[in-house]
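Survey of secondary and tertiary structure
In case you want the letters, here they are:
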Amino acid sequence: MKKVLVTGSNGLLGQKLTERILLKKDFKLIATSKGNNRFTETKGYTYAEMDIADEESVNRVIAEFKPDVVINTAAMTNVDTCEIEKELCWKLNVTAVEYLIKACEKYQIQLIHLSTDFIFDGEHGPYLEDAKPNPVSYYGESKLAAEKLLIKSNIHYTILRTIIVYGIVNDMSRSNIVLWAKGALEKGNPINVVDDQWRMPTLAEDLAEVCLLAAEKGAKGIFNASGKDMMSIVELVQHVADYYQLDKLLINPISTASLNQTAKRPKRTGFILDKSIKELGYQPHSFTEGIAMMDKQIKSR
Ligand SMILES: NC(=O)c1ccc[n+]([C@@H]2O[C@H](COP(=O)([O-])OP(=O)(O)OC[C@H]3O[C@@H](n4cnc5c(N)ncnc54)[C@H](OP(=O)(O)O)[C@@H]3O)[C@@H](O)[C@H]2O)c1
């Protein structure tokens, strides 16, 4: 039985991981996040408060539980906020990873770390694992710096890179594009959506599953871990409208330049998934299947 400690367990991926680990007999879970536990089920695992940006907190919790694997989902994930609050972004996305690496080295723990397509400039997507990074935002820079720390460390590390994660969990601190589009279109609100950025959106359940595959197999190195369908952001939103039979005329395609966002975005990312499919047995759902799964969960709430 593997003892797995999840950081950021209150987040989208964190809660999906908790849910899935509880269904597996070969894992024992220690869920950790900042503040109180927001996952609805409280039995069958241990919850401990752990602030990844506080070295003392990281050391204390890891020393107490001595897990076999740490899955680091906690991060500062809002790209525009990272551009403005650079110091905090670095603290959470880089310095905190340094603390985790040190603790994992001490107890010989596998560290599974989540990274992003935003380490690339979006000029040559879809990308292979060994493509040359060139971030265009501070968020991307911070995530790349964390990857470099892992690569030069002596620990057993696994980097899983993902793209636009969507899904629904309890008491979410931030929304995602699928929920946002559904909500706005259901209210009849017109929305501006960029038509010149392409992504491969990832179902949160698929991402949780690939984290567990990486833990089960003791995978080493970098793996692409996104959804399998490439689409522009406006196509993504149109798919959501189609699924829910909402008015597509409310969707107004615009250019990235006209949006004037604080942080720059890569144009076309996307990943070639062959390595994670072959080596980890990763089997992502299609985007349509993903929306259907999410919809079922929304209806059963
Ligand atoms: N979401 C995406 O589209 C996307 C795309 C590419 C890569 N990724 C990467 O995937 C990972 C998981 O993303 P996600 O969507 O699950 O993010 P999320 O929903 O924002 O979850 C992150 C969680 O970390 C928690 N957290 C923040 N600061 C913390 C701290 N100091 N100590 C402990 N926990 C802390 C947050 O707590 P609160 O909820 O209390 O704030 C939040 O629950 C991240 O590494 C992200 O960079 C995500």
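Quick summary incoming for the structure in this document. Just so it is clear, the model here is predicted, and its values are computed rather than measured.

1. Brief notes about the packing of helix 8 (residues 233–243) against helix 11 (residues 287–299)
- At a minimum axis separation of 11 Å, helix 8 and helix 11 run at an interaxial angle of 50°. On the basis of the axis angle, helix 8 is oblique to helix 11. Classified by chirality, the crossing of helix 11 by helix 8 is right-handed. Residues Leu236, His239, Val240 and Tyr243 of helix 8 touch helix 11, and the partners they reach there are Phe287, Ile291, Ala292 and Asp295.
- For the contact of helix 8 with helix 11, the residue count by class is 6 nonpolar, 1 polar and 1 charged.

2. Overview of the site of the ligand
- In the neighbourhood of the ligand, 27 residues make up the surrounding shell, with Arg38, Asp51, Tyr139, Val165 and Ser173 lying closest.
- Between the ligand and the protein, one listed contact pairs an oxygen atom with a backbone N or O atom of Leu13 at 2.9 Å.
- Calculation on the ligand without its partners gives an accessible area of 900 Å², and the protein chains cover 87% of this total.
- Secondary-structure elements contributing two or more residues to the shell around the ligand are helix 1 (12–23), strand 5 (110–116) and helix 5 (138–152).
- When residues in the shell around the ligand are grouped by element, the largest group, 3 residues, is from strand 5.
- Here the shell around the ligand is composed, by residue class, of 12 nonpolar, 10 polar and 5 charged.

3. Section: the packing of aromatic side chains
- Tallied over the full model, the rule gives 7 aromatic pairs.
- Between the aromatic rings of Tyr166 and Phe287, the centroid separation amounts to 5.2 Å while the plane-to-plane angle is 80°, which identifies the pairing as edge-to-face. Highlighted residues: Tyr166 in strand 7 (residues 165–166) and Phe287 in helix 11, separated in sequence by 121 residues.
- Looking at Tyr166, the relative accessible area reads 1%, which means it is buried.
- On the basis of relative accessibility, which here comes to 3%, the residue Phe287 falls in the buried class.
- Within the aromatic cluster, the residues linked to one another by ring pairs are Phe120, Tyr127 and Phe271.
- Directly above the aromatic system of Tyr138 lies the positively charged group of Lys86, at a separation of 5.4 Å from the ring centroid.
- Above the plane of the ring of Phe223 lies Lys275, whose end atom (NZ or CZ) is 4.3 Å from the centre.

4. A look at helix 4 (residues 86–107)
- Its 22 residues place the ends of helix 4 31 Å apart at the C-alpha level, agreeing with the 32 Å of an ideal helix rising 1.5 Å per residue.
- Where helix 4 bends most, the angle comes to about 35°, and this point is Leu92.
- Residues of helix 4 that are buried include every one of Cys89, Asn93, Val94, Thr95, Ala96, Val97, Tyr99, Leu100, Ile101, Ala103 and Cys104, and no others.
- Following helix 4 by one or two positions, Gln108 adopts a phi angle in the positive range, close to 55°.

5. Things to note about the sheet that holds strand 2 (residues 27–33)
- Judged by pairing direction, the sheet is parallel, and its 7 strands sit side by side in the order 3-2-1-4-5-6-11 without closing on themselves. Where the open sheet ends on each side, the last strands, each with one partner, are strand 3 (46–49) and strand 11 (221–224). Taken pair by pair, the neighbouring strands of this sheet meet at an average axis angle of 20°, ignoring direction.
- Both strand 4 (residues 69–72) and strand 5 contribute to a ladder of 4 bridges, which runs parallel. Bridging from a neighbouring strand, Ile71 pairs with Ile112 of strand 5.
- Along the sheet, helix 2 (residues 55–65) contacts strand 1 (2–7), strand 2, strand 3 and strand 4; its crossing angle with strand 3, the most-contacted strand, is approximately 155°.

6. Description of the environment of His124
- Locating His124 in the fold gives a position in the loop between strand 5 and helix 5.
- Between the alpha carbons of His124 and Lys267 there is a distance of 8.9 Å; along the sequence they are 143 residues apart.

Scoring rules and cut-offs
Residues numbered from 1 in each chain as written. Predicted model: local features only at pLDDT ≥ 70, side-chain atom pairs only at ≥ 80, totals over all residues. Heavy atoms only, no water. Axes fitted to C-alpha atoms, helices over the stretch in contact; angles between N-to-C directions. Helix = DSSP H or I, 4+ residues; strand = E, 2+ residues; numbered from the N terminus. Parallel < 35°, antiparallel > 145°, perpendicular 65-115°, else oblique. Left-handed = near helix turned anticlockwise from the far one by under 90°. Contact = heavy atoms within 4.5 Å. Nonpolar A, V, L, I, M, F, W, Y, C, P; charged D, E, K, R; others polar. Near = heavy atom within 4 Å. Polar contact = N/O pair within 3.5 Å; in protein donor to acceptor, adjacent residues only side chain to side chain. Areas by Shrake-Rupley, 256 points an atom, 1.4 Å probe, with all protein chains shown as cover. Phe/Tyr/Trp six-rings, centres within 6.5 Å; stacked < 30°, edge-to-face > 60°. Buried < 20%, exposed > 50% of the residue type's maximum accessible area, 1.4 Å probe, protein only. Lys NZ or Arg CZ within 6 Å of the ring centre and 35° of its normal. Expected span 1.5 Å × (residues − 1). Bend = angle between axes of the 7 residues up to and from the residue. Pairing = 2+ DSSP bridges.

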